[in-house]
Each structure stands twice: as structure tokens, then as C-alpha cells.
Amino acid sequence: METVADQKDIEQRVIEALQTCYDPEVPVNIHEMGLIYAVDVDPLGQVNVTMTLTAPNCPAAQSLPAEVEEKARGVDGVKDVHVEIVWEPPWDPSRMSDAAKLQLGML
């Protein structure tokens, strides 16, 4: 069984893995874009990722959640992954990190 420290470590490594996922239309990783709303790790190594997309008709609507699941599954200590796509609260550019805004020339 994982300890709270182990859960935090797994969570951090999952976030790092998700920082290698990119929206195909934007040269910024999806974590910096603010598309990842939550990464929760339970004591058994189950990871729940709550995320959104920039728009419901996003061209990456099929591929991006699958990539998120694949990247999270590749992290040591992860036993299973569930990715949930939510539309509330809706994504908007204010959710982007300063680094993402800087990279896109918005700062």
C-alpha cells in the first residue's frame, strides 16, 4: 500500500509525464495550458486525471485523452488510470501558466 508521501511522489511524476503531452495546435504542453484540472492518486496507485479541452470540437478530442492515459500509465507506481473529460468550468486562456502565456507572446 502506498503512503501519502508515495502518493505525492507519484502525483508529481504523473504531472511531469503529462508535461510531455502537447495540444497539436499549440506549442505548449497541456499542463501549462491549464487543461489538466486535477491529478489524484489513491493509496492503491489508481490515478484519476480530470481534464478539459480548449473546445468541445477540438481536433485532439480523441487522441489527447488517450495520450494522457498512456503517459500516466507509464509512471512507476501507477496501477490504473482513469481520465475524465469535463466542460465545467470551461477552459479559457486565463487558466494558462505565465510560462505558457510568455511562450505564446501573451505576456
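Predicted model, so just to flag it, every value in this text is computed and none were measured.

About the criteria used
Residues numbered from 1 in each chain as written. Predicted model: local features only at pLDDT ≥ 70, side-chain atom pairs only at ≥ 80, totals over all residues. Heavy atoms only, no water. Pairing = 2+ DSSP bridges. Helix = DSSP H or I, 4+ residues; strand = E, 2+ residues; numbered from the N terminus. Axes fitted to C-alpha atoms, helices over the stretch in contact; angles between N-to-C directions. Contact = heavy atoms within 4.5 Å. Core = buried A, V, L, I, M, F, W, Y, C linked by side-chain atoms within 4.5 Å. Buried < 20%, exposed > 50% of the residue type's maximum accessible area, 1.4 Å probe, protein only. Salt bridge = Lys/Arg side-chain N within 4 Å of Asp/Glu carboxyl O. pLDDT = per-residue confidence, 0-100. Disulfide = S-S within 2.5 Å. Arc of directions from axis to C-beta.

The three strands lie next to each other as 1-2-3, forming an open sheet whose pairing is mixed. Because the sheet does not close on itself, it has two edges, and the strands there are strand 1 (36-41) and strand 3 (80-85). Between one strand axis and the next, the sheet turns through 15° on average, direction left out of account. For strand 1 and strand 2 (residues 46-51), the ladder comprises five bridges, and the chain directions are antiparallel. Opposite I36, over in strand 2, you have M51 as the bridge partner. Together, strand 2 and strand 3 form the strand contacts of helix 2 (residues 63-73), whose direction differs from that of strand 3 by roughly 155°.

Core analysis: the biggest nonpolar cluster contains 30 residues, and V14, L18, V47, V49, M51 and V68 have the highest contact counts within it. Elements represented by at least two residues in this core include exactly helix 1 (4-18), strand 1, strand 2, helix 2 and strand 3. Here this core gets five residues from one element, more than from any other, and that element is helix 1. Apart from the residues within four sequence positions on either side, V14 is in contact with V39, V47, A72, V75 and V78.

What follows deals with the pattern of salt bridges. Inspection of every chain in the model, using the stated rule, returns five salt bridges. With its nearest N and O atoms 3.1 Å apart, the salt bridge here joins R73 to D80. Overall, D80 belongs to the partly exposed group, its relative accessible area being 33%. Among the charged side chains, a salt-bridge network with shared partners connects E69, R73 and D80.

What follows covers the confidence of the model for the protein chain. Fine structural detail should not be taken from predicted coordinates in areas where pLDDT scores are low. Put simply, the protein chain has an average pLDDT of 92, and 98% of its residues get 70 or more. The spread of mean pLDDT over the elements of the protein chain runs between helix 3 (residues 98-103), the lowest at 91, and strand 2, the highest at 98.

This part takes up the state of the cysteines. Scanning the entire structure with this criterion turns up zero disulfides. A disulfide-free cysteine, C21 has its sulfur positioned 13 Å from the sulfur of C58, the nearest such atom. Judged by relative accessible area, which is 6%, C58 ranks as buried.

Residues of helix 2 that are buried: L64, P65, V68 and A72. Summarising the axial view, the buried residues of helix 2 lie within an arc of 100°, below the 170-degree limit, and thus occupy one face.

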